[in-house]
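Secondary and tertiary structure notes
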Amino acid sequence: MPETTLTPAIRDGIERLERADLMVGIPSFKNAATIGYVARAAQAGLVQYFPDLRPVLVNADAGSSDGTQRVVVDTEPPDYVESILLVRPTNRLARISLTYPPVDGIGGKGAALRAIFEIAAALEVQALVVVDSDLRSIVPEWIELLAGPILKGGYDFVAPLYSRYKYDGTITNTVTYPLTRALYGHRIRQPIGGDFGVSGDLIRHYLECDDWTPDVSRFGIDIWMTTHALTGGFAVCQTRLGAKVHDPKDPGADLGPMFRQVVGTILSMAVENHERWSTIRGSHDVPAYGFERIAEPPPLDVNTLRLLSEFHTGSLTLAGNWRRMLAPATADTVLELAAEAGTLTEAARTRLGLSGEAGGPGGPTTLEMAEALSGFHSPDDTWARVVYDLIAATRVGDPPVDELVAALVPIYFGRVGSLIVDARHLTAEQAEERVERQAREFELLKPYLLERWEASVPSADTAPAPETP
């Protein structure tokens, strides 16, 4: 972990607060439209559920130009919340909004959380709750649901359990959930959920870790946190938060950079933690806190034509890369699927009467595109082998992991397109079982991963130098 980058002004503010018991952290960037609602809900949760603790709310912002920090500062004061809840807390709520410093010149969500961790450690908090700044579904109870297992149950890491629309959470559904489950044996359904609780002990552990990379300073932070909680032997649970409603993201248009940072981090950590996962077989449930909630998250539009077109286009320029990073049989299957995607995409465009890019107002709906592409299917075992081949290739170290993940993006687009086609007529429960079936395939194919691992040899550039007698 890099040395502290907190400015003297931030450190002075922390010293004036002296200590706190419970902290809510909100990383942000240009979230003026939503962060006021998030801050109000967090304030209300602190007052309502933990009136006897010393609370603090910290907003770590990336220097937003839309007034995000001003919204946090101007959000109704705690006494307004108290008059609504009819609860008089023992301690006043302290609020801090700061522009977080970059980590080794890199800014992003991870750098914001790094500042939040340092502040939480300095204040010696018992529990830290972090929530996303674009939430539209947070309620005060979320603070209790994320902090309660730590303060009342002795847990160290609380991951969220959401009700999400069947097309949402594609990086989670295709990579982080099945891979974390297969590697480390814990069925954490949302390992990069964005909203979580962390104990003071685990915060200190994070600050002592020495594997902070540029990707961790960005969107790699969530899977980094989850993996360290699992490999460090900390007590982990999940909490039922109901529906997650936030700014929607089309996986083909918005998630490329996030995918590269998250997947680059999980692959690198898989290589680092080989001794911890190599003997694990199967998986087990993780305790879940809170009542089951019936919730209907809003639908999400996805441009499936774009996804499969990107898959096919990628095969035209990346075929050589795919053959270097995948096993021969896996590469052959992927290239066959890409060619099929190209053929079906052209036929679908003709069927839908499209000449340019599909999607947008007046274009075909997600269902219409999925129906036009109904002949496309990417098998679960092929995708699991692709991901496992990438772990072995990451161990070899040539090409570097960022190039491997960049070459993986079109294959990921093809996988997501297949899942959307498969789920087009499924209920939420049926789509969830589809994700579970894929996760079980990852577990069944773990011997394949071990075989590929043993066959891989790190390159001379990345292998550790022999010790001098």
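Residues numbered from 1 in each chain as written. Predicted model: local features only at pLDDT ≥ 70, side-chain atom pairs only at ≥ 80, totals over all residues. Heavy atoms only, no water.

1. Details of the overall build of the chain
A tally of helices and strands in the chain yields 18 helices and eight strands. Counting only C-alpha atoms and orienting by the principal axes, one finds that the chain spans roughly 70 × 65 × 40 Å. Burial status across the chain gives 56% buried among its 469 residues. The contacts of the chain with a sequence gap of at least 6 include a subset with a gap of at least 24, amounting to 85%. Of the roughly 19,400 Å² of accessible surface on the chain, a fraction of 51% belongs to carbon and sulfur atoms. If you average the places of the 42 positive and of the 62 negative side-chain charges in the chain, the two averages end up 2 Å apart. (Helix = DSSP H or I, 4+ residues; strand = E, 2+ residues; numbered from the N terminus. Buried < 20%, exposed > 50% of the residue type's maximum accessible area, 1.4 Å probe, protein only. Contact = heavy atoms within 4.5 Å. Areas by Shrake-Rupley, 256 points an atom, 1.4 Å probe, with all protein chains shown as cover. Lys, Arg positive; Asp, Glu negative; His and termini not counted. Charge placed at Lys NZ, Arg CZ, Asp CG, Glu CD.)

2. Focus: the confidence of the model for the chain
Chain-level statistics for the chain give a pLDDT mean of 92 and a share of 94% at 70 or above. Note that residues 465-469 has pLDDT below 50 and, in this model, zero contacts with residues that lie over four places away or in other chains. (pLDDT = per-residue confidence, 0-100.)

3. Thoughts on the nonpolar core
Judged by nonpolar contacts, the single largest core of 110 residues is most densely connected at Met 225, Trp 322 and Ile 411. At twelve residues, the largest contribution of residues to this core is made by helix H16 (residues 401-423). Residue contacts for Trp 322: discarding those within four places in its chain leaves Phe 311, Gly 314, Ser 315, Ala 331, Val 334, Leu 335, Ala 338, Ala 407, Pro 410 and Ile 411. Leu 22, Val 129, Trp 142 and Ala 147 belong to the second-largest nonpolar core, a separate cluster that totals 28 residues. (Core = buried A, V, L, I, M, F, W, Y, C linked by side-chain atoms within 4.5 Å.)

4. Re the side chain of Gln 261
Along the chain, the position of Gln 261 falls in helix H10 (residues 256-272). The class of Gln 261 is buried, set by a relative accessible area of 12%. Setting aside anything within four residues of it in sequence, one finds Gln 261 in contact with Asp 215, Arg 218, Phe 219 and Gly 220.

5. Observations concerning the packing of helix H2 (residues 35-49) against helix H4 (residues 78-85)
Where H2 meets H4, the axes come as close as 9 Å, and the angle between the chain directions of the two elements is 55°. One element, H2, and the other, H4, form an angle in the oblique class. The two elements H2 and H4 meet at a crossing, and its hand is right-handed. For the pair formed by H2 and H4, the contact residues are Gln 43, Ala 44, Val 47 and Gln 48 on the first element and Pro 78, Val 81, Glu 82 and Leu 85 on the second. Looking at the contact of H2 with H4, its residues break down into five nonpolar, two polar and one charged. (Axes fitted to C-alpha atoms, helices over the stretch in contact; angles between N-to-C directions. Parallel < 35°, antiparallel > 145°, perpendicular 65-115°, else oblique. Left-handed = near helix turned anticlockwise from the far one by under 90°. Nonpolar A, V, L, I, M, F, W, Y, C, P; charged D, E, K, R; others polar.)

6. Topic: the side chain of Glu 443
Checked against the element boundaries, Glu 443 lands in helix H17 (residues 428-444). Take Glu 443: its relative accessible area is 19%, and that puts it in the buried class. Separated by 2.5 Å, the side chains of Glu 443 and Arg 181 make a polar contact. Those residues in contact with Glu 443 that lie beyond four places of it in its chain are Arg 181, Ala 182, Gly 282, Ser 283 and Tyr 388. (Polar contact = N/O pair within 3.5 Å; in protein donor to acceptor, adjacent residues only side chain to side chain.)

7. Let's talk about the sheet that holds strand E3 (residues 94-99)
Two strands in a sheet stick together by hydrogen bonds in their backbones, pointing the same way (parallel) or opposite ways (antiparallel). The strand order across the open sheet formed by eight strands is E3-E2-E1-E4-E6-E5-E7-E8, and the pairing between neighbours is mixed. The open sheet terminates on both sides in strands that have one partner only, identified here as E3 and strand E8 (288-289). Pairing geometry for strand E1 (residues 22-28) and strand E2 (residues 55-61), over seven bridges, is parallel. Note that in E2 the partner of Ser 28 across the bridge is Asp 61. Along the sheet, helix H5 (residues 109-123) contacts E1, E2, E3, strand E4 (127-130) and strand E6 (196-199); its crossing angle with E1, the most-contacted strand, is approximately 165°. (Pairing = 2+ DSSP bridges.)

8. Some points on helix H18 (residues 446-455)
Burial in H18 covers these residues: Lys 446, Tyr 448, Leu 449, Leu 450 and Trp 453. Residues of H18 that are buried make contact with helix H7 (170-184), H10, helix H11 (274-277), helix H13 (328-352), helix H15 (380-396) and H17.

9. Examining the pairing of E2
Extensive coverage of E2 is indicated by the burial of seven of its seven residues. Burial along E2 is two-sided: the residues Pro 55, Leu 57, Asn 59 and Asp 61 and Val 56, Val 58 and Ala 60 are all buried. Handedness of the crossover joining E1 and E2 through H2: right-handed. In terms of strand pairing, E2 meets E3 through six bridges, oriented parallel. Following the sheet pairing, Ala 60 is matched in E3 by Leu 98. (Right-handed = clockwise from strand over helix to strand, strands pointing away.)

10. Re the packing of aromatic side chains
Two aromatic rings are characterised by how far apart their centres lie and by the angle between their planes. This model, assessed by the stated rule, comprises twelve aromatic pairs. Look at Tyr 412 and Phe 413: their rings are 5.6 Å apart centre to centre, the planes differ by 40°, and that puts the pair in the tilted class. One aromatic cluster in this structure is built from Phe 117, Tyr 206, Trp 212 and Trp 224. The aromatic ring of Tyr 177 is capped on one face by Arg 189, whose charged end is 4.8 Å from the ring centroid. (Phe/Tyr/Trp six-rings, centres within 6.5 Å; stacked < 30°, edge-to-face > 60°. Lys NZ or Arg CZ within 6 Å of the ring centre and 35° of its normal.)

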